[in-house]
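Each chain is listed here by its residues.
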Amino acid sequence: MASLQEQIHIHEQEIKSFIPSGAADLENYRIRFLGTKGIVKQLSAEIKNVPPDQRKEAGQMLNAFKQLAEEKYESNINLQQATAVKTPEMDLTLPGTPLPIGTRHPLRIIENRIISIFEKIGFSVATGPEIEDDWHNFTSLNMPEHHPARDMQDTFYVAQNPDWVLRTHTSSVQARILETQPLPVRVICPGRVYRNETISARAHCFFHQCEGLYVDKDVSFADLKQTLYYFVTEMFGEDTKVRFRPSYFPFTEPSAEMDISCTVCGGSGCNLCKHTGWVEILGCGMVHPNMLTNFGIDPEVYTGFAFGMGVERITQIKFQVNDLRLYSQNDVRFLRQFQGL
Ligand code: PHE
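Residues numbered from 1 in each chain as written. Predicted model: local features only at pLDDT ≥ 70, side-chain atom pairs only at ≥ 80, totals over all residues. Heavy atoms only, no water.

Student: I keep staring at the pattern of salt bridges and nothing clicks. Help me out?
Tutor: Scanning the entire structure with this criterion turns up 11 salt bridges. A salt bridge links Glu 132 to Arg 176, with the shortest nitrogen-to-oxygen separation between them at 2.7 Å. A residue pair is termed long-range when its members are at least 10 positions apart, and Glu 132 in strand E2 (residues 131–133) and Arg 176 in helix H7 (residues 171–180) qualify at 44 residues. Glu 132 sits in the buried class, given a relative accessible area of 1%. Residue classification places Arg 176 among the partly exposed residues on the basis of a relative accessible area of 25%. One network of salt bridges, with partners in common, ties together Arg 243, Arg 245, Glu 257, Asp 259 and Glu 280. (Salt bridge = Lys/Arg side-chain N within 4 Å of Asp/Glu carboxyl O. Helix = DSSP H or I, 4+ residues; strand = E, 2+ residues; numbered from the N terminus. Buried < 20%, exposed > 50% of the residue type's maximum accessible area, 1.4 Å probe, protein only.)

Student: What is the right way to read the layout of surface pockets from this model?
Tutor: By rolling a water-sized probe across the atoms, one finds the places where empty space is left. In this model, the largest pocket occupies a volume close to 1,400 Å³. If you go around the largest pocket, you meet 46 residues; those closest to its centre are Arg 202, Glu 280, Gly 310, Arg 313 and Gln 316. Going through the elements one at a time, strand E5 (206–216), strand E7 (252–261), strand E8 (278–287), strand E9 (303–310) and helix H10 (311–319) are the ones with two or more residues in the lining of the largest pocket. No other element matches E8, which puts 8 residues into the lining of the largest pocket. (1 Å grid on protein atoms, 1.4 Å probe; cavity = no way out; pocket = protein on both sides within 12 Å on 5 of 7 lines; lining within 4 Å. Points joined across faces, edges and corners; volume = space filled by probe spheres on them.)

Interpretation in functional terms is not warranted from these geometric data alone.
The structure is reproduced here in structure tokens:
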């Protein structure tokens, strides 16, 4: 038979790991350890069988064991009484309080749609920093210092460093791609851009763009047009008409702006199209040879196209939002309208 010391040891382990599952369980514990015929009493009775030279040590162990058994009971009974007062009857089968689900921001909804349209034809997504250096935002894009085209975009400069700007377009990401990626490249660059404009219904100091770049051998203007026709059909539907107007961007030659037939009035004239039947949605063109040479690419071998659109503009057309400020005011009455999209 196990010695008294061994028995104490085994029961100690049991007490230490005991966690009552309820009042009845704790009562069983009390009877088992502290009852009149309980383990503490039984072991105390055995002290007389311990050899006299070990009795003192065994007695101390027994006292400590008794204390442990009592403390365990006391602390649990206190806990039970405390919780019994606070939560008289808790029905754990009741349903929980539902947390309201947020909505996607309309700009994000449209950005996601633009991205997935281009992903289907092999474009991948590229991003870059919003604080940009002069080289990636301007100079490498065929806009050297004092180039008049820099005035087309009212730039925010970073006070600490005159070489840093808040990027005025995501063409800066295209520059970074040409600098680092092996050809061919086919990327779409979504992101926030900044321009020093007075905030009004029609202008904001920041907005969002999605720009695209495709550089490979034998890329032609016909490829550009076909890609953009495909985009318009996917985004606005097959009946949408498209027209290109010649334009100017320093980093493309030739350059164009693309209009679509007004999706609100179908061309008969409304506020969105300013009664012209057409709305401008993007700028585009063939990548300027100077830009390719800036990145060590031979324009005799490689050609490419680029385009850039404002995400707010596309969202305005899709959802008929007529005030740009709504996008950043975070008014839940506005945002909730896009639930589930
Ligand atoms: N970066 C131009 C802008 O912000 C848009 C653009 C991109 C035009 C690519 C042509 C080609 O206005």
